[in-house]
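Fold and contact review
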Amino acid sequence: VQLQAFGGGLVQAGGALRLSCAVSGRTFSNYVMGWFRQAPGKEREFVAAISRNGVITRYVDSVKGRFTISRDNAKNTVYLQMNSLSPEDTAVYYCAAERSSTEYYVKVGGGYDYWGQGTQVTVSS
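Note that the coordinates shown come from a computational prediction; the quantities given were computed from them, not determined experimentally.

1. A look at the environment of Arg18
- Relative to the assigned elements, Arg18 resides in strand 3 (residues 17–24).
- By relative accessible area, which is 46% here, Arg18 ends up partly exposed.
- Each C-alpha atom of the pair Arg18 and Val121 lies 10 Å from the other, and the pair is 103 residues apart in sequence.
- Residues in contact with Arg18, not counting those within four places in the same chain, are Phe6, Gly7, Tyr79, Leu80 and Gln81.

In structure tokens form, the structure reads like this:
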């Protein structure tokens, strides 16, 4: 499975970005998808996850109400819409995938099988 994240960039505080992660190599709809981020000097942290069918989502508390994870199984792509960005959201954002036999399962936290290369998000104050 290959994952490629893109859509990062420089944005002012209060602005918005939408990250995309294109997946190839396997049947996308068989995979739980997640977004993680790593800020300079910090450990990588879980941001959001979505079930295979897109019905179930989970978020870290710090992004609830601001970020939305979604997926388009026809396009083999998962998205992270990020609104009301703050400098604390500055990080490299990674998408991740894990095969699951359950349509409604979401994986919160690490341990995903496959990872993308990351895309930089910088929020200026």
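2. Observations concerning unusual backbone geometry
- The backbone phi angle of Asn76 is positive, close to 55°, even though this residue is not glycine.
- By the element assignment, Asn76 lies in the loop between strand 7 (67–72) and strand 8 (77–82).
- For Ser84, which is not glycine, the phi torsion reads 50° and is therefore positive.
- Here Ser84 shows up in the loop between strand 8 and strand 9 (91–99).
- Look at Ser84 and you get partly exposed, because its relative accessible area is 45%.

About the thresholds
- Residues numbered from 1 in each chain as written.
- Predicted model: local features only at pLDDT ≥ 70, side-chain atom pairs only at ≥ 80, totals over all residues.
- Heavy atoms only, no water.
- Helix = DSSP H or I, 4+ residues; strand = E, 2+ residues; numbered from the N terminus.
- Buried < 20%, exposed > 50% of the residue type's maximum accessible area, 1.4 Å probe, protein only.
- Contact = heavy atoms within 4.5 Å.

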